[in-house]
Amino acid sequence: FNQMEITAIVKRVTEARTVGNNGFQVREAVVTTEEQHAQTLEIKFTQNRVNLLDGVLPGQRVKIAVNLKGHEVEKDGKAKVWNSIEGWKVEKLA
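So, here's what we can say about the structure. (Residues numbered from 1 in each chain as written. Predicted model: local features only at pLDDT ≥ 70, side-chain atom pairs only at ≥ 80, totals over all residues. Heavy atoms only, no water.)

Phi is positive for Q47, close to 50°, though the residue is something other than glycine. In this structure, Q47 sits in the loop between β4 (40-46) and β5 (61-75). Taking the relative accessible area as the measure of exposure, Q47 reaches 36% and is therefore partly exposed. One non-glycine residue with positive phi stands out, namely D76, at about 55°. (Helix = DSSP H or I, 4+ residues; strand = E, 2+ residues; numbered from the N terminus. Buried < 20%, exposed > 50% of the residue type's maximum accessible area, 1.4 Å probe, protein only.)

This is the structure we're talking about:
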């Protein structure tokens, strides 16, 4: 995994939800980076990490440790690449 940290301002945090039939838990944080060309990113937290977003509120500045993930799927002879940003640690900043 390619690991990195993102420092950003929280725009919103979703409620945890169950996806699929095996009880897979997912929750997202939408954040805006603080660089010159700010980026809005959705960071996904899964399973036992969904609770890392408890108490994280819009407007807060945070540092989130993330992994970049991706996989390629072929359908009807065409390849499609799916990417995601998965969070595994959240630090609230002053």
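Next up on the list: the packing of aromatic side chains. If you walk through the whole model with that rule in mind, you get zero aromatic pairs. A cation sits over an aromatic face here: K80 above W82, 5.2 Å from the ring centre. (Phe/Tyr/Trp six-rings, centres within 6.5 Å; stacked < 30°, edge-to-face > 60°. Lys NZ or Arg CZ within 6 Å of the ring centre and 35° of its normal.)

Of the strand pairs in this sheet, strand β3 (residues 24-33) and β4 are connected by seven bridges, and their pairing is antiparallel. By the bridge assignment for β4, V31 is matched with L41. Counted along the chain from β3 to the antiparallel partner β4, the turn is six residues long. (Pairing = 2+ DSSP bridges.)

Residue placement: L68 occurs in strand β5. Judged by relative accessible area, which is 35%, L68 ranks as partly exposed.

A word on the side chain of T46. By the element assignment, T46 lies in strand β4. Overall, the relative accessible area of 11% leaves T46 in the buried class. Leave out the neighbours within four places in its chain, and T46 touches F24, Q25, V26 and E86. (Contact = heavy atoms within 4.5 Å.)

Now for the pairing of β3. Burial of β3 is extensive: seven of the ten residues sit out of reach of the surface. Of the pairings in the sheet, the one linking strand β2 (residues 17-19) to β3 comprises three bridges and is antiparallel in character. Residue pairing across strands places R17 opposite V26, the latter belonging to β3.

Our focus in this paragraph is the pattern of salt bridges. Tallied over the entire structure, the rule returns six salt bridges. E28 is the partner of R17 in a salt bridge, and the nearest nitrogen-oxygen pair spans 2.8 Å. Highlighted residues: R17 in strand β2 and E28 in strand β3, separated in sequence by eleven residues. In this structure R17 comes out as partly exposed when scored by relative accessible area, which is 37%. The buried category is assigned to E28, whose relative accessible area is 5%. A salt bridge links K69 to E86; the shortest N-O distance between them is 3.4 Å. One end of the pair, K69, is in strand β5; the other, E86, is in strand β6 (residues 78-93), and 17 residues separate them in sequence. Each of the salt bridges in this network shares a partner with another, and the network as a whole consists of E5, K63 and E91. (Salt bridge = Lys/Arg side-chain N within 4 Å of Asp/Glu carboxyl O.)

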